[in-house]
Amino acid sequence: MQKKAILLFNWTPTKFVANTNLTKVLFPNNNPSQYAAFAKDMSKVLTTDPQSSILQKVASLKFVADFPELNSFVTKYQIPDDQINAMLKAMTHDSLDAAHVACLWLKNNQDLWDSWIPALPKSVVSCPIGMGRYLTGAAYSCISCPIGSYNWQPNNTQQCAPCPNNFDCQGGLTVNVLEGLWMPNRTDIPVAYTCPMHSSCCHQHSCPALTCAHNFKGILCTECAEEGFYLWGSECHQCGSAGGASFYAVVALAFVCAFALLLLPYEEAPTVELLFFYFQVARYIFETQVNGILNVPGISTFLSIASLNVDGFVTDCPLPLSGINKLLFRFFLPSLILVYIVTIYFGLRALNARFPKTHSILMSWAPEHLRHESVSLICFRAIIIVMTFVTMPLIDSSLLLLQCTEIEGKNVLSQVPQVECFSSQHAAAAALAVVVLIAMIVGLPCLISLVLYKLWKADLIVYDEEGLTPIQKLFQCLYIIFKPEMFYMLPVTIVEKGVISILFAMMSRYPSLVQMNTYIIVLSGLCGTRIYWQPFANHLEAYLNREIALGILAMIALRQFTDQYGVSNFALAEIGFAIFLPPVLHIIRWIQGNYQKHKEVIGQVIRKASLNGSKSSKSGFTDSNTESQSQTQTVTRKRTMIASGKKSSIEKLNASTRSNLRSFNASRKTINTLADENKPLNLNPTFP
C-alpha cells in the first residue's frame, strides 16, 4: 500500500472526520467571487477557504411569543465541535449507538446543559383580550388566538372561541364581518346585522366594525355620508326643496293609472288583479337575494312599479325625505290613485249639477261600454279594482313601520335604526300603520263579507243586468266577476294578499334556508288552491289563475336553486322567463278570444270600408243591428244554461259577453218581449 498525502474536501463535524487522523489545511479567508466563478466553471482553481455554513434556528414571532420557554431552550442549546467529534468517535471505537453515546454525554456534561433548561413555567389563571388559555405540557399558558378563532373577554379562562357564522376571524382579537353585513363596535361577542340595502354595507370579502360602502354611514349604513344628499333607489341623490323630476312623474303615473282604471271594462278587472298580485309576489320572492333578478335594471323597475314602490323605480330624489317621513311616503302612490278617482267622481258630479250639457258632451266621448253607465257605478268599480292591487303595498308599507330589531341594546326600527321603536318620534307613524293593517286585513274583508252575506240572505245575488236599481248595480260589482257559487271570493282574495305580505315581512329576518322552506310550505298550499279551485267566471282568468300559481312555484324553485348554486346569467334568463310567461300566454289567448268573438263585426267593418255610397252604409248598419239582436239572444240563452246547471266547468260564464249587452244598448228595445219571458236570473247558492 502506498502511503501518500492526499487533499480532500469534507464537512466537519462528521463521523468520517472524527475517526480519521486528518490535518486541516489553512487557506486564505473565503473569497465569494472565486466560489461563484467555480460554480459556473468547475475548471476554475480555488485558492481560498470555503465559507462556513451556520445552522440557523428560525421561529416566527408568534411562536416565540406563544412558547417563550422553547425559544429560550433552543437559543441556548449549543455543543462545541470537539465534544461532537468525541461522541462520533465513541460510536465507532466503542461500538455504541447514538442514544447510548448521548446518554453518556448528558451524564458527563450536566454543568453545560443545565443552563439550557428554562425555569419551570407557572400556570396562568386568565388571559387578556386576543389570547386563549391552553395547556402546554404541565402548565397553562396564554397563547394568541389562531386564525378561525377569537377572544374578546379581558379575563379569559378558556381557549379561544371558534369564529361564528357571518364573520372572518383572522386571529387574536381581529374579527371582521362578511360582505353585505354590518357590525357595531366590539362588545362581548360579535353580532352581525343584515343591511336593508346589501350594496350600502361591507362590499368586500370582510370588513371591520362600522364599515359602510362609499357615500353611506350610520347604523346599518342607512344614511348618506354627505350633507344635502338623500337615499332614494339605493343611491344617494342631492335634493332640491321643490323635489325632483321623479316626484312629478309619480304624480302623473298615479293620474294615468286612475284614468285607465276608470275606462277599463269591468270584465277585465280579474286580469288586473291577478297580474298585479303575480308581479308583487315575484318581487317579494327575489327582494332579499344578492345579485339576483332585481339587479337587472329593467325588470327591477317594472316589478317596483307593479308593487307601487316609489323607492324602487325613481332615478333621482323625488323629495328631500329620510327616516320615518320616507317610510310614510310609501303610502303616497297607492293613496294618490284613490284620491284621483274620488276627485274625478266629485268633479263629474259637480259638472253634471251645474253644466249638464257639458257633462253629456263629455260622457259622449267615453268608450261605448261607459256611455250609459252612471258616474257612481264607474268610479265604484274603479275603486274596487284599486283595492285589489293596493292591498299588498299598503300592508307592506305598514309592516315596515312596525319592524323592529335590537341593536346595541336598543330596540330600533329595522329600516330607520336611528329611531327607537314606539318612541315619541315613532308613535304616530306606528299608530297609522296599525290602523291601516286592521283596516286592510280585518275591516275591509269583514265589511265586504257582511254586505255579501246580507245580499245572499235577501236573495239579491243576481247576475242579470236588467231591472236592477242603481244601488244593486253597485253591490253587483262585489261578486259579478266570480262564478255564482263563489260569489264570496273578493274578501277571501284580500285576506290572502294580507297573509302573503305578513309572511314575507316576518321571514325577512331569518336565514335564507329557513325563508325558502317556509315559502315552499305556505305558497304551495296557496298555489294548490288556485290551481284546483277556480272562482272566476271568465275562462281566460281561470287559465291565468292557474298559470300564475305555477309561475310562483317555479320562481320559488329557482330562488332556492340560485341560493344553493349561485346566480348565473342563464339562471337570470330562466327567472325572467318564469316571470313573464303567464302574462304573455294570457295576452295571446285574449287576442284569440276577442278575434273569435268579434270576427264578424271586424269583417263588416272591412266590407263597409270597401263599399261606396250611402246605400252601402245603410245596408251595413242594418246588418250590424241584426247582429246585435242575435248576440243579445245568445247571451240570454247562455245565462239560462248556467242557471239550470247545464254549462260544463270548462265552459264558464264569460263575463266579457256582458259588455256586448251594453255595446248594443240601442237594439234592446227590439227584444223586450224576450227579456220579459226570461226573467233576470236569481241564483241563490247555498253554503255546504
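The structure under discussion appears in the preceding block.
Analysis parameters
- Residues numbered from 1 in each chain as written.
- Predicted model: local features only at pLDDT ≥ 70, side-chain atom pairs only at ≥ 80, totals over all residues.
- Heavy atoms only, no water.
- Helix = DSSP H or I, 4+ residues; strand = E, 2+ residues; numbered from the N terminus.
- Buried < 20%, exposed > 50% of the residue type's maximum accessible area, 1.4 Å probe, protein only.
- Contact = heavy atoms within 4.5 Å.
- Areas by Shrake-Rupley, 256 points an atom, 1.4 Å probe, with all protein chains shown as cover.
- Pairing = 2+ DSSP bridges.
- Disulfide = S-S within 2.5 Å.
- Axes fitted to C-alpha atoms, helices over the stretch in contact; angles between N-to-C directions.
- Parallel < 35°, antiparallel > 145°, perpendicular 65-115°, else oblique.
- Left-handed = near helix turned anticlockwise from the far one by under 90°.
- Nonpolar A, V, L, I, M, F, W, Y, C, P; charged D, E, K, R; others polar.
- Phe/Tyr/Trp six-rings, centres within 6.5 Å; stacked < 30°, edge-to-face > 60°.
- Lys NZ or Arg CZ within 6 Å of the ring centre and 35° of its normal.

(A) Spatial organisation of the overall build of the protein chain. On a plain count of helices and strands, the protein chain comes out with 24 helices and 15 strands. Taken over 688 residues, the protein chain has a buried fraction of 41%. Contacts spanning at least 24 positions in sequence make up 62% of the contacts within the protein chain whose residues lie at least 6 apart. Approximately 38200 Å² of the protein chain is accessible, and the part contributed by carbon and sulfur atoms is 61%.

(B) Spotlight on the sheet that holds strand E6 (residues 174-178). The strand order across the open sheet built from 3 strands is E5-E6-E9, with neighbouring strands paired in antiparallel fashion. Both edges of this open sheet fall to strand E5 (167-171) and strand E9 (206-207), since each of them pairs with a single strand only. As defined by bridge partners, E6 adjoins E9 across 2 bridges and the pair is classed as antiparallel. Looking across to E9, one finds that Val-177 is bridged to Cys-207.

(C) Local environment of the state of the cysteines. Under the criterion given, the structure shown has 9 disulfides. The partner cysteine of Cys-163 in its disulfide is Cys-169, sulfur to sulfur 2.2 Å. The S-S bond linking Cys-163 to Cys-169 shows a torsion near 80°; that makes this disulfide right-handed. Under the relative-accessibility criterion, Cys-163 is labelled partly exposed at 23%. The class for Cys-169 is buried, based on a relative accessible area of 3%. Shown here is the disulfide that connects Cys-224 with Cys-236, its sulfur atoms set 2.1 Å apart. Because the sign of the S-S torsion sets the handedness, a value of about -105° for the bond joining Cys-224 and Cys-236 places this disulfide among the left-handed ones. Of this pair, Cys-224 sits in strand E11 (residues 223-224) while Cys-236 is found in strand E13 (residues 235-238), placing the two residues 12 residues apart along the sequence. Classification of Cys-224 by relative accessible area gives buried; the value is 10%.

(D) A look at the packing of helix H8 (residues 245-263) against helix H13 (residues 332-354). Relative orientation of the contacting elements H8 and H13 amounts to 50°, with a least axis distance of 9 Å. Here H8 lies oblique to H13, going by the angle between them. For the crossing formed where H8 meets H13, the hand is right-handed. On H13, the residues that touch Phe-247, Val-250, Val-251, Ala-254, Phe-255, Cys-257, Ala-258, Leu-261 and Leu-262 of H8 are Phe-332, Leu-333, Leu-336, Ile-337, Tyr-340, Ile-341 and Ile-344.

(E) Representation of the packing of helix H9 (residues 269-286) against helix H10 (residues 297-306) within the structure. One can describe the packing of H9 onto H10 by two numbers: an axis separation of 8 Å at closest approach and a directional angle of 125°. Taken together, the axes of H9 and H10 are oblique relative to one another. Of the two elements, H9 crosses H10, and the hand of that crossing is left-handed. Counted together, Phe-276, Phe-279, Gln-280, Ala-282 and Arg-283 of H9 and Phe-302, Leu-303, Ser-304 and Ala-306 of H10 form the full contact between these two elements. Of the residues contributing to the contact of H9 with H10, the split by class is 6 nonpolar, 2 polar and 1 charged.

(F) Expanded view of the packing of aromatic side chains. In this structure the tally under the stated criterion is 25 aromatic pairs. Aromatic pair Phe-279 and Phe-302: ring centres 4.8 Å apart, planes at 80°, arrangement edge-to-face. Residue Phe-279 is located in helix H9, and its partner Phe-302 is located in helix H10; the two are separated by 23 residues in the primary sequence. For Phe-302, a relative accessible area of 34% gives the class partly exposed. Within the aromatic cluster, the residues linked to one another by ring pairs are Trp-232, Phe-247, Tyr-248, Phe-329 and Phe-332. Stacked on the ring of Tyr-140, the Lys or Arg Arg-133 has its end atom at 4.0 Å from the ring centre.

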